[in-house]
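Understanding the architecture of this molecule
Take a look at the letters that make up each chain.
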Amino acid sequence: MPNPTLSTLDLVSLVMDSEVRPLDFAVLLHFDREIDADDLARGARSARNLYPTTACSVVDGRWSPLEPDCREPAFRSLRRGNGKRLIEQFLRRPFDLGSGPPLRQAWVQDVEAGNGCLVTKVHHCVADLLSVMAWIRHQLRVAADLDRPCSEPAAVVPPALAEPPPGAKRNPVWDRCAPLWTRPREASGERRWITYSFSHGEFMRVSLAECGFTFNDVLVVAALETLQEWNRIQGDNGRSVGIWLPVNIRRDAFEGFGNASSRIRVRRDYADRLDIPDKCRAVRSQINLARERGEWMVPQRTILTGIPLRFSAPLVRRYLNRPWADMGSAAFSHVQKWPGQDDAVFAGLQELGVLGAMHRRHALIFAAVSLGNRTWMTITYDPALLWPEDIAVIRDHYLSTLRAASRGL
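The text that follows walks through the structure, step by step, so that each part is easy to find. From a predicted model like this one, the values you see are computed outputs, not experimental measurements.

Reading guide: rules and limits
- Residues numbered from 1 in each chain as written.
- Predicted model: local features only at pLDDT ≥ 70, side-chain atom pairs only at ≥ 80, totals over all residues.
- Heavy atoms only, no water.
- Helix = DSSP H or I, 4+ residues; strand = E, 2+ residues; numbered from the N terminus.
- Buried < 20%, exposed > 50% of the residue type's maximum accessible area, 1.4 Å probe, protein only.
- Contact = heavy atoms within 4.5 Å.
- Areas by Shrake-Rupley, 256 points an atom, 1.4 Å probe, with all protein chains shown as cover.
- Phe/Tyr/Trp six-rings, centres within 6.5 Å; stacked < 30°, edge-to-face > 60°.
- Lys NZ or Arg CZ within 6 Å of the ring centre and 35° of its normal.

**What about the overall build of the protein?**
- Check the secondary structure of the protein and you find 10 helices and 13 strands.
- Each of the three principal axes of the protein carries a C-alpha extent, and together these read 60 × 55 × 45 Å.
- Here the protein, with 409 residues, has 53% of them falling under the buried criterion.
- For the protein, the proportion of contacts with a sequence separation of at least 24, taken over those separated by at least 6, is 78%.
- Within the structure as shown, the protein displays about 18,700 Å² of accessible surface, and the carbon and sulfur contribution to it stands at 51%.

**Section: the packing of aromatic side chains**
- Evaluated as defined, the whole model comprises 7 aromatic pairs.
- Residues Tyr51 and Phe257 carry aromatic rings whose centres are separated by 4.5 Å and whose planes lie at 25° to one another, so their mutual orientation is stacked. Placement of Tyr51 in the loop between helix H2 (37-50) and strand S2 (56-59) and of Phe257 in the loop between strand S8 (242-248) and strand S9 (261-267) is noted, with a sequence separation of 206 residues between them. For the pair Tyr51 and Phe257, a shared accessibility class is recorded, and that class is buried.
- Arranged with centres 5.8 Å apart and planes meeting at 65°, the rings of Trp181 and Trp230 form a pair that is edge-to-face. Note that Trp181 is positioned in the loop between helix H5 (129-143) and strand S7 (192-199) and Trp230 in helix H7 (residues 215-233), a separation of 49 residues in sequence.
- Exposure remark for Trp181: the relative accessible area of 25% places this residue in the partly exposed category.
- Taking the ring centre of Trp193 as reference, the NZ or CZ of Lys84 above it sits at 5.8 Å.
- Of note, Arg104 hangs over the ring of Phe95, and the distance from its end group to the ring centre comes to 4.4 Å.

As structure tokens, this is what we get:
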């Protein structure tokens, strides 16, 4: 049987990867307990069998299984030195997709306290965040002897994607959102991040049926208000900001392993005078319209199909970087429901961070995951374009907007 081909979304992530904007992301799970590294490695081997593309290299646009002795370095246990420094060093090491796996892990243990951080670094060509959370869940369940390990590679089952409506267009609007104000420097390949959390209990009474918007819409409005205010205080009172928002386009919400997240644009096109609930309803109307029009569509066949990557990749990069395409001012993501979020293996997390992958036009990305009664938000940013003190202002304004929203709901 021939090796399976990469999907359109996989291939886009592969060819758009660059040193300045690497298209990989990471999940950082800070546990309040000690986990045996050998058990984690056993769980990782099982997860690589259950989701076999994570044990493959990429050769000529296809997934090519690695030899077993090439897979084991995909998991490392680190117990020496400064934990934060070790995490940063691990995350800084780039992928070599032609010879190694697209998913690597490290268990960085605090030698004195015994607890640690499970760091999962993933190239976007193999999976989106929803799939990676399912991968980690299986690993942790096998490590805890709650599931039997998968000893042989399973069949590759990519997500089945929803069909877009007739006449769907990826970028129906030609005007672009305002860029985010940044320091006057060149973009770098470095990423820094901060993670914070907030209780979302007061937002749980928000429902589409009763309020006309969702908890996610509240978070989107907070992002739009924060980015607009950041530009305003820097003296930019021009056109409005917007965000690049992911949409799960699986036919079945959690079926299949791989990439099934497209993106739409959500613009701050509502009036300043509106209260926050009305701003949330305006955002919900935009999202609904984008869904109905199929702005999230992903073509089943592209110029990549049937053409060697060395020829097609430059053409695809030029197309995806076309100057009139609107990618918003920054990217935003919130995973509110995900496979196994109520599983006991995720109990007791001290912190849940997501180091995001940024588009070349963006200086930062918001990535949030809800777990239990809290939402964890990570801001990933380019330190050449935004400084820690800038990110502190952005974080504080985001949280103050959420507090104002909770009072106004």
